[in-house]
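Here's the letter readout for the chains.
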Amino acid sequence: MNAIIYQKSIIYARVSTAIQDTDRQVIDLQNYANVNGYIVERIFTEKISGAKKNSERPALMDALEYATKHKCTILCSELSRLGRNIDEILKSIIFCKENKTNVYFQKEQLSIFNADGQEHPFLMIMIATLGTCAKLEREAIRFRMKSGYDKFRAEGGKVGRKTGYRMKLEDYDKKYPKLMADLRLKLSGRKGKRYRNTSLAKRYKINVSTVNAAAKILSNSMLCTN
């Protein structure tokens, strides 16, 4: 009986919004790894739109770098998790091909390289086809949403926050927890120039006016409690 030859791997999982989670993807891929002789060394997850550029997706960049450096196979639940922009998907695939890093897509049962180390003969055709389908799906969703909003407005509806609505401190804490933690450090006098509002806005990719508003409401709250 032949012994199982274990292979090093990492898991990359992505969801588009903060209210979603990557648990199901990770569990499915971990089960696949267990059955197929992969040792999962690291798990990379992120909550970001797949339409973003690769350079705007830190977990993806870290996963590609780690897998290349440590010669790991990347396990991914489906092609759309790698991205929904066909050009960016192909950049990732070409990068992996050039660095001899394999990627396995569970839903499509597709790998860059076959078991013998040869490139999948129909890889680029399948990826281009699937990626284009994902792009068309995204555009269809946008069209349906715009159509729905236009109909709602035509019937007198208003989209957005109610007139006079102001976010409360707990709203900022819930929506921007890391930002609020930094603002508390700054307002307590424990942080300096690196924690300017403009720097925080750039760090968290938030409009500076939002940071200013959060800082103001937090400052007022701290004054009231002192």
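What this report covers is the structure whose coordinates are included nearby. (Residues numbered from 1 in each chain as written. Predicted model: local features only at pLDDT ≥ 70, side-chain atom pairs only at ≥ 80, totals over all residues. Heavy atoms only, no water.)

A word on the overall build of the chain. Along its length, the chain carries 9 helices and 5 strands. Residue burial in the chain is summarised as follows: out of 226 residues, 35% are buried. Taking all contacts inside the chain whose residues are at least 6 apart in sequence as the whole, residues at least 24 apart take part in 60%. (Helix = DSSP H or I, 4+ residues; strand = E, 2+ residues; numbered from the N terminus. Buried < 20%, exposed > 50% of the residue type's maximum accessible area, 1.4 Å probe, protein only. Contact = heavy atoms within 4.5 Å.)

Per the counting criterion, the structure on display carries 7 salt bridges. Across the salt bridge formed by Lys-97 and Glu-119, the nearest N and O atoms sit 3.4 Å from each other. Of this pair, Lys-97 sits in helix α4 (residues 86–98) while Glu-119 sits in the loop between β5 (110–111) and α5 (123–154); the two residues are 22 residues apart in sequence, bridging distant segments of the chain. Note on Lys-97: relative accessible area 23%, which makes it partly exposed. (Salt bridge = Lys/Arg side-chain N within 4 Å of Asp/Glu carboxyl O.)

Bringing the packing of helix α7 (residues 177–187) against helix α8 (residues 197–204) into the picture now. Their axes nearest at 11 Å, the elements α7 and α8 cross at an angle of 160 degrees. One element, α7, and the other, α8, form an angle in the roughly antiparallel class. At the point where α7 passes α8, the crossing takes the right-handed sense. Taken together, the residues of α8 that come into contact with α7 (itself represented by Lys-178, Leu-179, Asp-182, Leu-183 and Lys-186) are Asn-197, Leu-200, Arg-203 and Tyr-204. (Axes fitted to C-alpha atoms, helices over the stretch in contact; angles between N-to-C directions. Parallel < 35°, antiparallel > 145°, perpendicular 65-115°, else oblique. Left-handed = near helix turned anticlockwise from the far one by under 90°.)

Next up on the list: the nonpolar core. Among the nonpolar cores identified, the biggest contains 24 residues, and Ile-10, Tyr-12, Ile-74, Ile-93, Phe-105, Ile-112 and Ile-127 are the most heavily contacted of them. Within the residue set of this core, elements represented by two or more residues are β1 (7–15), α2 (58–70), β3 (73–76), α3 (79–82), α4, β4 (103–105) and α5. With near-sequence residues (within four places) excluded, Ile-10 lies in contact with Arg-42, Phe-44, Ala-63, Tyr-66, Ala-67, Cys-72, Thr-73, Ile-74 and Leu-75. Of all hydrophobic cores here, the second largest spans 15 residues; its members include Leu-179, Leu-200, Ala-201 and Ala-215. (Core = buried A, V, L, I, M, F, W, Y, C linked by side-chain atoms within 4.5 Å.)

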